[in-house]
Structures are given as structure tokens and as C-alpha cells.
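Listed below are the residues making up each chain.
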Amino acid sequence: MATVAIVYFSAQGHTHQLAEAVAEGAHGVSGTTVELVRLVGADIVEGRWKNPSVLAKLAAVDAIVFGTPTYMGGYAAQFKAFIDTCSEVWMAQGWKDKLAAGFTHSQNLSGDKQSTLIGLWVNAMQHSMVWVSPGIKVEGFDADKLNRLAGYGGVMAQTAWGQEKVNEGDRKTAVVLGQRVAETAVRWVKGK
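Residues numbered from 1 in each chain as written. Predicted model: local features only at pLDDT ≥ 70, side-chain atom pairs only at ≥ 80, totals over all residues. Heavy atoms only, no water.

### Regarding the side chain of Thr-85
- Checked against the element boundaries, Thr-85 lands in helix 3 (residues 77-85).
- Not counting the four nearest positions on each side in its chain, Thr-85 is found in contact with Arg-48, Trp-49 and Leu-55. (Helix = DSSP H or I, 4+ residues; strand = E, 2+ residues; numbered from the N terminus. Contact = heavy atoms within 4.5 Å.)

See below:
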């Protein structure tokens, strides 16, 4: 069985909805198990994130999909605290050759989400991981269209101020990412 973990932080629920959509896509692939791993602010004490059980879960999987809101052009502080703690994993190259992917959300159409995805990609490269993109073209620019924000390195989603649910096109794009990561993980595990 290929194993996929979706590790994410969500403050207002939008990134959580995307994480669930990624999980939906991955669950649909035979031979795959999927786990949602939600990061919480309570795991940050005196500015440092610490949760050994989360790190143990991530050590045991074949693929990690990272998700964070984009705040001020980058990661949410809570997610960054997690990334900084994972430097211990980096020292041991504990995630080397695991698959990686990413998704992000902000309220503005741009919101500099690309810089967040690049940050997730750079982090994965430093960990010697193998990045998986959504692998889809832009279907259109309406809210119900796949990859409407042209995120080729990962999933980018946007909702208006006060909008509770992510747009259907962004949700469907996250499903596609989850499916592609799981399909790649199944092939990856078979090749080991």
C-alpha cells in the first residue's frame, strides 16, 4: 500500500476544505491509504512547534502533501513553525525520496500564492523529496473551472472575504492533485 499524508494548517477552514479535497482524490486511488494531519497552534510553545506523533506519522508515509494559507505573501506563521522544527528531519534526510506536493489559499486573486508554493517546493527540495504537480492546464477562469488560477507547481485557491466555502473549481483542482499524488505514490512504491 502507498501511504499519503496531508499535513496542513488552517485558520478559517478554507485550507482544511482543500486538504479534504486532496484526501478525496487520493482515497479514490486503489492501493492507497490517506491521513489528514492538521497542525494546530497549541503545538507551538514559546515560538517552537513540537509534536513528535506528527513527525512519526510523516516518517512512515510515502508522500507528504503540504498545505498552508498564504499570509502576506508566504506561509502562515503556524506552518512556518512546523517547517522550522522539521530541520531536524532535514539533518537526517528523513524525508529523502518521499513524494511531495503543495496547496495554498488566500483571499485575493493573486495574494502572492505563487511565492508560498515556491517556498513549499524549496523546502521539499532541501529535504531531497520528489515534487508532484497537479499536472493540469487551465480549464477556464470562472470559479467552477479546474486550475482557474494557473497553479502549475501546486494548487492555488481563492475565496472572497466572508465566503465560507472554497470555489468548486479550486476544490476540484485539489481533488486532481490528491489523485495524481496517490497514483504517483502507487507507482513509486512498486518501483522500490
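### A short note on the environment of Arg-48
- Looking at the secondary structure, you find Arg-48 in strand 4 (residues 48-49).
- Sequence-wise, Arg-48 and Ala-5 are 43 residues apart; in three dimensions their C-alpha atoms are separated by 22 Å.
- Setting aside residues up to four positions removed in sequence, Arg-48 forms contacts with Asp-43, Asp-84 and Thr-85.

### As for the pairing of strand 8 (residues 155-158)
- A two-sided burial pattern is seen for strand 8, the buried positions comprising Val-155 and Ala-157 on one face and Met-156 and Gln-158 on the other.
- Note: strand 6 (residues 99-106) against strand 8, four bridges, orientation parallel. Bridging across to strand 8, Thr-104 finds its partner in Met-156. (Buried < 20%, exposed > 50% of the residue type's maximum accessible area, 1.4 Å probe, protein only. Pairing = 2+ DSSP bridges.)

### Topic: the side chain of Ser-106
- Looking at the element boundaries, Ser-106 is found in strand 6.
- With relative accessibility at 6%, the residue Ser-106 sits in the buried group.
- Here the side chain of Ser-106 touches Lys-113 through a polar contact of 2.9 Å, side chain to side chain.
- Contacts of Ser-106, omitting those with residues within four sequence positions, involve Thr-70, Gly-111, Lys-113, Ala-157, Gln-158 and Thr-159. (Polar contact = N/O pair within 3.5 Å; in protein donor to acceptor, adjacent residues only side chain to side chain.)

### Considerations on the pattern of salt bridges
- Evaluated as defined, the whole model comprises five salt bridges.
- In this structure, Asp-84 engages Lys-80 in a salt bridge whose closest nitrogen and oxygen atoms are separated by 2.6 Å. Here Asp-84 and its partner Lys-80 are both found in helix 3, four residues apart, which amounts to about one turn of the helix.
- Residue class for Asp-84 comes out partly exposed when judged on its relative accessible area of 30%.
- Given the relative accessible area of 36%, Lys-80 is considered partly exposed.
- A single salt-bridge network, built from bridges that share partners, covers Glu-24, Glu-168 and Arg-171. (Salt bridge = Lys/Arg side-chain N within 4 Å of Asp/Glu carboxyl O.)

### Thoughts on helix 6 (residues 168-190)
- With 23 residues, helix 6 extends 33 Å from end C-alpha to end C-alpha; this agrees with the ideal 33 Å at 1.5 Å per step.
- If you check which residues of helix 6 are buried, you get Gly-169, Asp-170, Thr-173, Ala-174, Val-175, Leu-177, Gly-178, Val-181, Ala-182, Thr-184, Ala-185 and Val-186.
- Among the structural elements, strand 1 (2-9), helix 1 (14-27), strand 2 (32-39), strand 5 (63-69), strand 6 and strand 8 are those in contact with the buried residues of helix 6. (Expected span 1.5 Å × (residues − 1).)

### Observations concerning unusual backbone geometry
- In this structure, Glu-46 is a non-glycine residue whose phi angle is positive, near 50 degrees.
- As for its placement among the helices and strands, Glu-46 is situated in the loop between strand 3 (44-45) and strand 4.
- Classification of Glu-46 by relative accessible area gives exposed; the value is 80%.
- Despite not being glycine, Met-72 shows a phi value in the positive range, around 50 degrees.
- Position of Met-72 relative to the elements: it lies in the loop between strand 5 and helix 3.
- Judged by relative accessible area, which is 87%, Met-72 ranks as exposed.

### A look at the packing of helix 1 against helix 6
- Between helix 1 and helix 6, the shortest axis-to-axis distance is 6 Å and the interhelical angle comes to 45 degrees. The angle between helix 1 and helix 6 places the two elements in the oblique class. Where helix 1 crosses over helix 6, the handedness of that crossing is right-handed. Of the residues in helix 6, those in contact with Leu-18, Ala-21, Val-22, Glu-24, Gly-25 and Ala-26 of helix 1 are Asp-170, Arg-171, Ala-174, Val-175, Leu-177, Gly-178, Gln-179 and Ala-182.
- Here the residues of the contact of helix 1 with helix 6 are counted per class, giving eight nonpolar, three polar and three charged. (Axes fitted to C-alpha atoms, helices over the stretch in contact; angles between N-to-C directions. Parallel < 35°, antiparallel > 145°, perpendicular 65-115°, else oblique. Left-handed = near helix turned anticlockwise from the far one by under 90°. Nonpolar A, V, L, I, M, F, W, Y, C, P; charged D, E, K, R; others polar.)

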